[in-house]
Amino acid sequence: MNELPNDPAKWNHRLKATLDLALGDGTAKHALAGSLLVGSVLVAINHGDMILDGLAPSVWKVLLTYAVPYCVMTYGAVTQQRIAARRAAARDG
């Protein structure tokens, strides 16, 4: 497992690299599409009875229901991209 850097400059570099992976190469777009699908299913499961009764579920709970799958998908994509980069670096050199 990689150790976290103690140097603030390394932290900044790692944060920028993580944001580049999370926001680039279609990662955010795919995570958004997946979270809309998964979030909608979860809203129907968790809040469907309230909605069918004509009541509105708590807005923050619905937002979290969509945000959690987005974060999980983004984290998984960034992790996979880092693993692939590490393997390519080890193979190449």
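For the structure itself, consult the block above.
Residues numbered from 1 in each chain as written. Predicted model: local features only at pLDDT ≥ 70, side-chain atom pairs only at ≥ 80, totals over all residues. Heavy atoms only, no water.

A.B. asks: Could you clarify how one ought to interpret unusual backbone geometry in this entry?
C.D. replies: Working note: non-glycine residues mostly have negative phi, and peptide bonds are mostly trans. Positive phi outside glycine occurs at D25, with the angle close to 60 degrees. Note that D25 resides in the loop between α1 (8-23) and α2 (27-52). (Helix = DSSP H or I, 4+ residues; strand = E, 2+ residues; numbered from the N terminus.)

A.B. asks: I'm lost on α1 in this one. Help?
C.D. replies: An α-helix turns once per 3.6 residues; consequently, residues spaced three or four apart project the same way. Between the first and last C-alpha of α1 there are 22 Å, a value that for 16 residues agrees with the 22 Å anticipated at 1.5 Å per step. Two residues or fewer past α1, D25 is found with a positive phi of approximately 60 degrees. (Expected span 1.5 Å × (residues − 1).)

A.B. asks: Before we go on, may I ask you to explain the pattern of salt bridges in this structure?
C.D. replies: Opposite charge on two side chains permits them to pair, given that their charged atoms come into close proximity. Applying the stated criterion to the full structure yields two salt bridges. For D20, the salt bridge is made with K16, and the minimal N-O distance between the two is 3.0 Å. A residue pair is termed a helical-turn pair when its members lie 3 or 4 positions apart in one helix, as D20 and K16 do in helix α1 at four residues. Residue K16 is classed as exposed on the basis of its relative accessible area, which comes to 51%. Between R91 and D92 there is a salt bridge, and its shortest N-O distance comes to 3.9 Å. (Salt bridge = Lys/Arg side-chain N within 4 Å of Asp/Glu carboxyl O. Buried < 20%, exposed > 50% of the residue type's maximum accessible area, 1.4 Å probe, protein only.)

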